[in-house]
Amino acid sequence: MNIPLEHILLLSAVLFGIGILAVITKRHAVVVLMGIELIFNAANLNLVAFSRHDPQLLQGQLFSLFVIVIAAAEAAIALAIVLRVYQHFKTANLSDIVTDVNK
Amino acid sequence: MELTELLKPLAGTPQTTTALVVLLLPLLAFLVLFGFGKRLPRRGDWLAIGISAITFALSVYLFTQTWNTETYHTRTVWFSLPSAIVSDFTAGLLLDNLTVLMLVIVTFISTLVQLFSVGYMHGDTGYHRYFAYLGLFTFSMLGIVLVDNLLLLFIFWELVGFSSYLLIGFWFERPATVEANKKAFLVNRVGDIGLLLGLFAFYTYFRTFDLETLRTLIGSGEWLNSSFIVSYSLNGEPWLLELSPLLLTLAGLGLFMGCVGKSAQFPLQIWLPDAMQGPTPVSSLIHAATMVAAGVYLLARCYAFFTPDALTVIAIVGAITALLGALAALNQFDIKAVLAFSTISQLGYMVMGMGTGAYDASLFHLTTHAFFKAALFLNAGIIIHAMHRGLHHAQLENVDPQDIRNMGGLRKTMPFTFYSYLLATAALAGIPLTSGFLSKDAILSVSWAWAQTMSANGNLLYFIVPVTGFVVVVLTAYYMTRHMWFMFFGSFRVPFNVTQIRFSSKLETERVMLVPVILLAILSSGIFFSLNPLSFSGSWVVNGIGLENLPLSLLAAELVQAVAIQDDANHLVHIVIGVASALLAIVGIAIALIKYNRKTSEQLATEQLNSTFARLSYNHFYLDTFFNTTFVKPALWTATTLYRVDKRIIDYTLNYGSKWLVVLSKMVSWFDRLVVDGSVWLVGALSKVFGMLGRNLQNGKVQSYYAYSLFGFILVILYIVLF
């Protein structure tokens, strides 16, 4: 079964859009991180899809592997930051973390 | 010649101090009477008359001191302007023959008139006010006579105008009186404009108003290439004047304009008949010695400043005035109107004499005229007074007491008045042995000599002037005879007993009124003026103010001397002229007698103006109407129009303009608020908006930063993709 590239790109775009939407609109830091994961995955999907036409095979897949590793590390760091932030502000809600400059 | 040197102060002498006292006493009388007259016993007439008598006595003293002996002159610096090209303004008194002669005449007549007024004005509500005004009037006239410079003379000149305004309008509750004094005042102002311009002209040329200095300066000039050249220095700075004769003539005629106004010369004589609205003694004073004489006096004082051309104009104006006045007097019915027109005519004589070089004769006529005209007016006053009394007794209130048609036969009832009137009339008509004969003869002789001199080049038109003089002699004799006939001859024409006009059974009028009249009438006889009553050349007046005593200047000296020489050469002509004028006077009298002797009492009482000429002369040739239509009406029309323009256009424009201005200012304020303030506000608001925008961008929210950067990134991508 051969899925046309356009479908994959479209899916990737939808994923990216959902990810962006999550990043921009969601209040909770963890959900935002989840949106970032979605964006990563949209990129990974593209990488994997484009690698099919790559004359040097598996280059795209390797890239996506790197991306997954970096994303895992990043998620760990980000979660750690979120935890610190939660400890400090008693909330993980991004709009509440904003410190009022006047305060 | 250094001007400051000529103008240096001169110390006073006892004579000039006395003159100052003479000048100030009437002013004192005016102030006291005006302020406290009501509270004084007899309301202060004794004070006025006493002061007048003192001034008269002092004047006589000054006369004896000055006449034909010496000239007294005192002068101080009045004020000076801080300028190198303006000399000091001086003020001073000058006593010479002319001054002291006028001084005696003015104070004498003034005293007699005030004495007369005690009777005439008896019981008037303004009694003390009347004497106060007379004091002011006398003061002003004495000022004109005594001062030594033109500026001061002008000040007193205007004071005379003002005090005559007060006196003519003395009965100010009568509308006609107010009209008359307004007219006299305004018409005089017309002349005064000319006088003022003349003063300015002489000041501009010679930088001083002082008469003596002016005379010296003009005397020092010379004629060169038909222009008059004078050089003098002022504060060390030399001035060289080169004047065309036309300028000097015009300046002289400017001075003459003042005389035209005051002395009622053609064409400004219209005020004088109206001035009869004042009390009769006032008319007497104004007509005889003071106001109208001031013009002739001015001519005499400024005689050195007139060019031959100016003198010719003066002679012609005088001749016209003499003729017109005499013609107008022919058909008057008002007792005072006849005398008023006669005054105009006689003043014309004097001015004509001045113009023809008969300087001394004119002043002589001024002197004699002062006495007999004062006598005539005071007599007229007695008659009016008596008529009032009679009409009041008979309760005939609507009969005019001044209309000579209502009189008649008064010679039996009022013999003193009749004889004094007769004497003064004879003098006015120029019957030999009277003073008027002498002075009129003198003017006629010189004017004849003048015409001979002037017509040497063959132009016989100059003879019109002396011929006019002769015609006026006939006319004067005629109208005065008619006047006398109406009043004193025939029978009394108002239906009541003529004796009712007498004061008491023994007296025709109050003694206090009779004495001045008789005195003046006696002084109308020639013996007082010349020991030879048939020849004027022996007169002490003529000798005292003769040309040899006149410091003649260069301007008209040649002409005047030529006329004098011609006059001296006219031995035979003198006799002819004397006889001719006497004969002409008799002819005039005869015509009047023939005309009126035939008429019955009824005809006289109802005499009307039948011919066109009679109406013309009665209405003074419609000069009043003429002036009314040519000057007064247009002036009034212009004034009304200007008033309307002011009201309808300027005021309207201003009113609506201000409304429009309010609207405009509202618009401007609206514009200001909305556009100017608004744009300023907009700038602020915009920066506020942008500031808000910028601030809102940096809201510290990670997500929004993220969104912005994404948005930007997309824009960049779009840019790369699309372009």
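Residues numbered from 1 in each chain as written. Chains lettered and ligands numbered in written order. Predicted model: local features only at pLDDT ≥ 70, side-chain atom pairs only at ≥ 80, totals over all residues. Heavy atoms only, no water.

(A) Examining the nonpolar core more closely. Ranked by internal contacts, the top residues of the largest apolar core, which has 231 residues, are Ile109, Phe206, Phe256, Phe305, Ile383 and Tyr421 of chain B. Tyr421 of chain B has contacts with Ile335, Leu339, Leu376, Asn379, Ala380, Ile383, Met480, His483, Met484, Met487 and Phe488 of chain B, leaving out every residue within four places of it along the chain. Judged by nonpolar contacts, the second largest core, of 12 residues, contains Ile20, Val23, Val82 and Ala92 of chain A. (Core = buried A, V, L, I, M, F, W, Y, C linked by side-chain atoms within 4.5 Å. Buried < 20%, exposed > 50% of the residue type's maximum accessible area, 1.4 Å probe, protein only. Contact = heavy atoms within 4.5 Å.)

(B) Local environment of the packing of helix H17 (residues 415–429) of chain B against helix H18 (residues 435–454) of chain B. Residues and elements named next belong to chain B. Where H17 contacts H18, the two axes come as close as 6 Å, and the packing angle between them is 10°. Taken together, the axis directions place H17 and H18 in an arrangement best described as roughly parallel. Listed contacts from H18 to Ala427, Leu428 and Ala429 of H17 are Ser435, Gly436, Phe437 and Lys440. When the residues that make up the contact of H17 with H18 are grouped by side-chain class, the tally is 4 nonpolar, 2 polar and 1 charged. (Axes fitted to C-alpha atoms, helices over the stretch in contact; angles between N-to-C directions. Helix = DSSP H or I, 4+ residues; strand = E, 2+ residues; numbered from the N terminus. Parallel < 35°, antiparallel > 145°, perpendicular 65-115°, else oblique. Nonpolar A, V, L, I, M, F, W, Y, C, P; charged D, E, K, R; others polar.)

(C) Representation of the interface of chain A and chain B. With 10 residues of chain A in contact, the opposing surface of chain B contributes 7 residues. When chain A packs against chain B, close to 670 Å² is buried across both sides, 73% of that on carbon and sulfur atoms. Connecting chain A to chain B are 0 salt bridges. Our enumeration of links across chain A and chain B arrives at 0 residue pairs in polar contact (both at pLDDT 80 or more). Broken down by secondary-structure element, the contributors of at least two residues to the side of chain A that touches chain B are helix H1 (5–25) and helix H2 (29–51) of chain A. Sort the elements by how many residues they give to the side of chain A that touches chain B and H1 of chain A lands first, with 4 residues. Residue composition of the side of chain A that touches chain B, by class: 7 nonpolar, 1 polar and 2 charged. (Buried area = accessible area lost by both parts, 1.4 Å probe. Salt bridge = Lys/Arg side-chain N within 4 Å of Asp/Glu carboxyl O. Polar contact = N/O pair within 3.5 Å; in protein donor to acceptor, adjacent residues only side chain to side chain.)

(D) Representation of the sheet that holds strand S4 (residues 227–234) of chain B within the structure. Residues and elements named next belong to chain B. In space, the 3 strands of this open sheet follow the order S3-S4-S5, with antiparallel pairing throughout. At either end of the open sheet lies a strand with only one pairing partner, and these are strand S3 (222–224) and strand S5 (237–243). In this sheet, neighbouring strand axes are inclined to one another by 30° on average, regardless of whether the strands run parallel or antiparallel. Where S4 and S5 come together, 7 bridges link them in antiparallel fashion. Following the sheet pairing, Ile229 is matched in S5 by Glu242. Sheet strands in contact with helix H9 (residues 245–262) are S3, S4 and S5, and its direction is about 90° off that of S5. (Pairing = 2+ DSSP bridges.)

(E) Looking closely at the confidence of the model for chain A. The pLDDT averaged across chain A works out to 85; a share of 93% of its residues lies at or above 70. The spread of mean pLDDT over the elements of chain A runs between helix H4 (residues 94–97) of chain A, the lowest at 74, and H1 of chain A, the highest at 90. (pLDDT = per-residue confidence, 0-100.)

(F) Spotlight on the pattern of salt bridges. Residues and elements named next belong to chain B. According to the stated counting rule, one finds 9 salt bridges over all chains in the structure shown. Notably, a salt bridge pairs Arg75 with Asp210, separated by 2.9 Å at the nearest N-O pair. You can see Arg75 sitting in strand S1 (residues 72–79) and its partner Asp210 sitting in the loop between helix H7 (175–206) and helix H8 (211–220), a full 135 residues away along the chain. For Arg75, a relative accessible area of 4% puts it in the buried group. Here Glu158 ties to Arg189 by a salt bridge, and the two come within 3.0 Å at their closest N and O atoms. With Glu158 in helix H6 (residues 150–168) and Arg189 in helix H7, the pair connects residues that are 31 residues apart, well separated along the chain. What you see here is one network of salt bridges that share partners, running through Glu158, Arg189 and Asp192.

(G) Quick peek at H1 of chain A. Residues and elements named next belong to chain A. A rise of 1.5 Å per residue sets the reference length of H1, with its 21 residues, at 30 Å; its end C-alpha atoms lie 30 Å apart and thus fit the reference within 8%. Among all positions of H1, only Ile8, Ser12, Leu15, Gly19, Ile20, Ala22 and Val23 are buried. All buried residues of H1 project into a common sector of 160° when viewed along the axis, lining one side. Facing away from the buried side of H1 by more than 90 degrees, the exposed set consists of Glu6, His7, Leu10 and Leu21. (Expected span 1.5 Å × (residues − 1). Arc of directions from axis to C-beta.)

(H) Focus on H2 of chain A. Given a rise of 1.5 Å per residue, 23 residues ought to cover 33 Å, and the 33 Å separating the end C-alpha atoms of H2 of chain A matches this to within 8%. Within H2 of chain A, burial applies to Ala29, Val32, Leu33, Gly35, Ile39, Ala42, Asn44, Ala49 and Ser51 of chain A.

(I) Looking closely at the packing of H6 of chain B against H9 of chain B. Residue and element names in this part refer to chain B. Orientation of H6 relative to H9, taken along the N-to-C sense of each, is 15°, at an axis distance of 12 Å. Regarding the angle of H6 to H9, the classification is roughly parallel. For the element pair H6 and H9, the recorded crossing hand is left-handed. Contacts from Trp157, Val160 and Gly161 in H6 reach Gly258, Cys259 and Lys262 in H9. A class-by-class count of the residues in the contact of H6 with H9 yields 3 nonpolar, 2 polar and 1 charged. (Left-handed = near helix turned anticlockwise from the far one by under 90°.)

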